Amino acid sequence: PSNYNGHDLIAPLWRDECTDGSASLGDPYSDSLALIAIKSVSVDVPSGLVEALVKQQNASGEFFFSGEDGSKFADPDTTGLAIQALDGIGGADASAALTKAVAWATKHETSGGYWTSAGGSDVNTTALIGSALNEQGKSVSKSISWMIAQQTKAGGKGLPASLSAPKDPDVM
């Protein structure tokens with residue numbers, strides 16, 4: 001929905017479109033989230049925003065995330081969001097970027113069925129990129145099995161099953 005409690009959630013995205021048409025919000029993570037939001041309420045996505053996202057793809061197919069120090073590194077979370085954002089956009093450049101991102105994501109899945117982020121196995125990253133690959137018709141059964149194996153009896157990482165229950169000692 002574009003309206004939540006009287007607030008238009010899409011209008012700020014349109015305001016941020018640059019006058020030169022580039023429409024970038026500054027990084028592929030933000031651009032992907034904006035495209036996903038716009039696609040959810042409109043069939044008319046800003047071509048400048050799509051172009052900006054495509055231009056931010058690295059040659060090997062992944063999208064980057066910027067660290068606090070300004071460094072840029074290959075990021076499976078951002079790549080997963082970009083796959084979701086580019087899905088169904090159409091056009092030669094967006095389709096080529098989508099194909100490259102899917103190939104990169106598929107190549108970087110570990111033999112255990114998960115993706116690493118910041119040097120470790122990560123349920124959030126695996127869920128995000130696995131969902132994106134599932135949308136593309138890729139098998140993610142190994143990833144689902146891995147994520148289920150990470151879940152504790154309480155349902156979360158050391159969290160109680162309810163507020164009144166004692167903390168479950170079985171943590172990830």
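1. Some words on the overall build of the protein chain
Counting its regular elements, the protein chain contains seven helices and six strands. Listed by position from the N terminus, the elements making up the protein chain come as β-β-α-α-α-β-β-α-α-β-β-α-α. Within the span of the protein chain, comprising 172 residues, buried residues form 34% of the whole. For the protein chain, contacts bridging at least 24 residues in sequence account for 53% of all contacts bridging at least 6. For the protein chain, the exposed area adds up to about 9,700 Å²; of that, 53% sits on carbon and sulfur atoms.

2. What to know about the packing of helix 4 (residues 76-86) against helix 6 (residues 123-135)
At a minimum axis distance of 8 Å, the contact between helix 4 and helix 6 shows a crossing angle of 25 degrees. By the angle class used here, helix 4 and helix 6 are roughly parallel. Read as a crossing pair, helix 4 and helix 6 show a hand that is left-handed. Residues P76, D77, G80, L81, I83 and Q84 of helix 4 form the contact with helix 6, whose own contacting residues are N124, T125, L128, I129, S131, A132, L133 and E135. Per-class residue counts for the contact of helix 4 with helix 6 are seven nonpolar, five polar and two charged.

3. Quick notes on the nonpolar core
Grouped together as the largest cluster of nonpolar side chains are 25 residues, with contacts concentrated most on L53, I83, L86 and L133. Listing elements by their share of this core, those giving two or more residues are helix 2 (28-41), helix 3 (47-55), helix 4, helix 5 (92-107) and helix 6. The leading source of residues in this core is helix 5, at seven residues.

4. Remarks on the packing of aromatic side chains
Taken as a whole, this structure holds three aromatic pairs when the rule is applied. Ring centres of Y29 and F65 lie 5.6 Å apart, and the angle between their planes is 80 degrees; this geometry places the pair in the edge-to-face category. Residue Y29 is found in helix 2, and its partner F65 is found in strand 3 (residues 64-66); the two are separated by 36 residues along the sequence. When its relative accessible area of 30% is taken as the criterion, Y29 is described as partly exposed. Under the relative-accessibility criterion, F65 is labelled partly exposed at 33%. Among the aromatic residues, those joined into a ring-pair cluster are Y29, F65 and F73.

5. What about the confidence of the model for the protein chain?
Of all residues in the protein chain, 78% attain a pLDDT of 70 or more, and the chain-wide mean is 81. Within the protein chain, the lowest mean pLDDT, 64, falls on helix 1 (residues 11-15), and the highest, 97, falls on helix 5. The model gives residues 159-172 a pLDDT under 50, and that stretch makes 20 contacts with residues more than four places away or in other chains.

6. Regarding helix 6
The terminal C-alpha atoms of helix 6, which comprises 13 residues, lie 18 Å apart, in line with the 18 Å expected from a rise of 1.5 Å per residue. Looking at helix 6, one finds that the buried residues are T125, T126, L128, I129, G130, A132 and L133. Check the buried side of helix 6 and you find it contacts helix 4, helix 5, strand 5 (116-117) and helix 7 (141-150). N-cap assignment for helix 6: the residue whose side-chain oxygen lies 2.8 Å from the backbone N of N124 is D122. G137 sits one or two positions beyond helix 6 and adopts a positive phi of about 85 degrees.

Parameters at a glance
In this numbering scheme, every chain counts its residues from 1 along its sequence in written order. Where local features are concerned, this predicted model is filtered to residues with pLDDT of at least 70; where side-chain atom pairs are given and counted, the filter is 80 or more; whole-chain, interface and lining totals use all residues. With hydrogens and water set aside, each side-chain value is computed from the structure's full complement of heavy atoms. Numbering of helices and strands runs from the N terminus; a helix is a DSSP stretch of H or I covering at least four residues, while a strand is a stretch of E covering at least two. Remark: exposure states derive from per-residue accessible area (1.4 Å probe, protein chains only) relative to the maximum for the residue type, with buried under 20%, exposed over 50%, and partly exposed in between. In what follows, a contact means two residues having at least one pair of non-hydrogen atoms within 4.5 Å. Note on areas: these come from Shrake-Rupley sampling with a 1.4 Å probe, and a residue is covered only by the protein chains present in the view. For helices, the fitted axis covers only the stretch in contact; all axes are lines through C-alpha atoms, and the angles between them, taken along N-to-C directions, range from 0 to 180 degrees. Relative orientations are named as follows: roughly parallel for angles under 35 degrees, roughly antiparallel for angles over 145 degrees, roughly perpendicular for angles from 65 to 115 degrees, and oblique for any other angle. Throughout, a crossing is termed right-handed when the near helix is turned clockwise from the far one, and left-handed when it is turned anticlockwise from it by less than a right angle. Here the nonpolar group is Ala, Val, Leu, Ile, Met, Phe, Trp, Tyr, Cys and Pro; Asp, Glu, Lys and Arg are the charged ones; every other residue, Gly included, is treated as polar. Buried residues of nine kinds, namely Ala, Val, Leu, Ile, Met, Phe, Trp, Tyr and Cys, make up a nonpolar core once their side-chain atoms join them within 4.5 Å. When two rings of Phe, Tyr or Trp (its six-membered ring) have centres within 6.5 Å they constitute a pair, described as stacked for plane angles under 30 degrees, edge-to-face for angles over 60, and tilted for the intermediate range. By definition, pLDDT measures how confident the predictor is in each residue, and it falls between 0 and 100. Expected helix span is given by 1.5 Å per residue-to-residue step, counting one fewer step than there are residues. Distance and chemistry together define a polar contact, namely a pair of N or O atoms within 3.5 Å, with one atom able to donate a hydrogen and the other to accept it when in protein, and with adjacent residues in sequence counting only for side-chain atoms on both sides.

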